[in-house]
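# Reading the structure
Here are the chains, one letter per residue:
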Amino acid sequence: MILITGATGTVGSEVITALLPTQAGHMRVLTRNPGAVFPDGAQKVVADLGDSDLAPVLDGVQAVFLLTDGLHIAAHDHRLIAAARRAGVERIVKLSVRNVGHAATDPITTLHRAGEEAIRDSGIGWTFLRPTAFMSNALNWAGMIAADQVVYAPFAGGRAAVVDPADIAAVAAACLTQDGHNHRVYELTGPEPLAPSDQVTILSHVLGRDLRYAEADPAGALAEMVSYGMPKELAHAVIELFRSTVEPYNSEPTGDITAVTGRPARSFTDWAQAHHNEFPTPEAVQNAATIEESR
């Protein structure tokens, strides 16, 4: 049995897709949401890594995909690792961040590093996946694109070899089901370094719209996240993680996705073409608003 944590998230949902149908009936998905719906072949279990009894969650589990986020990364990692040891889990594949291997000290990287260290010390087999920024983060720009076709984002000078979450999931699926990945660290990247303006240019071509990029002040971006309901401490941690795109190592592609999957990493153009319908047009937004007003 394989346990998937973070099952409703961007990467977790892709891992489920990558494991089906071959692991149908041999996969358990963890969620805090009783109403969450998953594909056939995935056994849903409702629990919280922060306070639930994890023994039933891990009963019969041989391998775990461990995805934790926010400011509880290390605490949740520690709770699951302890329960996994008691349950006799053989392998943990942890989704971490690339910064861990490059001496970064921002809050989120520090929490992931602590989680990795706990896994190393546990005696359980492990694989660490350390991706760069996700291509899917561009979906956060959808509202701005629909509103005035201008993307405001900080760190214009940052260039990252952004990665498709589906590629991360493909690597995770291989590590969960195949031999040869024990005690391996994979830095997962896309094929080319891109600045925010480069991503906007590609989206402009794919969407057929005249888009432009404008650099946002990090403090303003932080304030905006807080205004949307994100706790200030978490918003600060996210901004500091984004700041790492200015570090040279984040612009360096690796061949780890190809080494594990046997195919090239997808480009940002590939990702944008696959997800173009998730960027609504101004007309679609206006129509939705009109419908809402008429109710």
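Everything in this summary refers to the structure shown in the same document.

Cut-offs applied
- Residues numbered from 1 in each chain as written.
- Predicted model: local features only at pLDDT ≥ 70, side-chain atom pairs only at ≥ 80, totals over all residues.
- Heavy atoms only, no water.
- Helix = DSSP H or I, 4+ residues; strand = E, 2+ residues; numbered from the N terminus.
- Rg over C-alpha atoms; globule rule 2.2 N^0.38 Å.
- Buried < 20%, exposed > 50% of the residue type's maximum accessible area, 1.4 Å probe, protein only.
- Contact = heavy atoms within 4.5 Å.
- Areas by Shrake-Rupley, 256 points an atom, 1.4 Å probe, with all protein chains shown as cover.
- Lys, Arg positive; Asp, Glu negative; His and termini not counted.
- Charge placed at Lys NZ, Arg CZ, Asp CG, Glu CD.
- Pairing = 2+ DSSP bridges.
- Axes fitted to C-alpha atoms, helices over the stretch in contact; angles between N-to-C directions.
- Phe/Tyr/Trp six-rings, centres within 6.5 Å; stacked < 30°, edge-to-face > 60°.
- Arc of directions from axis to C-beta.

A count of helices and strands for the protein gives 12 helices and 9 strands. Over its C-alpha atoms the protein spans a radius of gyration of 20 Å, differing by no more than 12% from the 19 Å that the globule rule assigns to 295 residues. In terms of principal-axis extent, the alpha carbons of the protein reach across some 55 × 50 × 40 Å. The burial tally for the protein puts 49% of its 295 residues in the buried class. In the protein, the share of contacts with a sequence separation of at least 24, taken over all contacts with a separation of at least 6, comes to 75%. Working note: accessible area of the protein is about 13600 Å², and carbon and sulfur atoms make up 51% of it. Positive and negative side-chain charges in the protein, numbering 21 and 34 respectively, have mean positions lying 5 Å apart.

Another point: the sheet that holds strand β2 (residues 27-31). Strand order in the open sheet made by the 7 strands is β3-β2-β1-β4-β5-β6-β8, with parallel pairing throughout. Each edge of the open sheet is held by one strand with a lone partner, namely β3 (42-46) and β8 (184-188). Each adjacent strand pair in this sheet contributes to an overall mean axis angle of 20°, direction not counted. Where strand β1 (residues 2-4) meets β2, 3 bridges bridge the pair, whose relative direction is parallel. Within the sheet, the bridge partner assigned to L3 lies in β2 and is R28. Its contacts with the sheet place helix α4 (residues 107-122) against β4 (63-66), β5 (91-95), β6 (125-131) and β8, and it is angled at close to 160° to β6.

How two aromatic rings sit relative to each other is given by the distance of their centres and the angle of their planes. With the rule as written, the count across this model stands at 3 aromatic pairs. On the numbers, 4.3 Å between centres and 15° between planes, the contact of W126 with F128 is stacked. Relative to W271, the ring of F268 has its centre 5.5 Å away and its plane inclined at 20°; by these criteria the two rings are stacked. With F268 and W271 both in helix α11 (residues 268-274) and 3 residues apart, the pair spans about one turn of that helix. The two residues F268 and W271 agree in class, both being buried.

Our next topic: helix α8 (residues 218-227). A221, L222 and M225 are the residues of α8 that are buried. The buried residues of α8 occupy an angular sector of 100° when the element is viewed end-on, so they sit on one face. Every exposed residue of α8 that faces more than 90 degrees away from the buried side is listed here: A219 and S227. Of the surrounding secondary structure, the elements contacted by the buried residues of α8 are α9 (232-243). Immediately downstream of α8, the backbone of G229 shows phi near 110°, a positive value.

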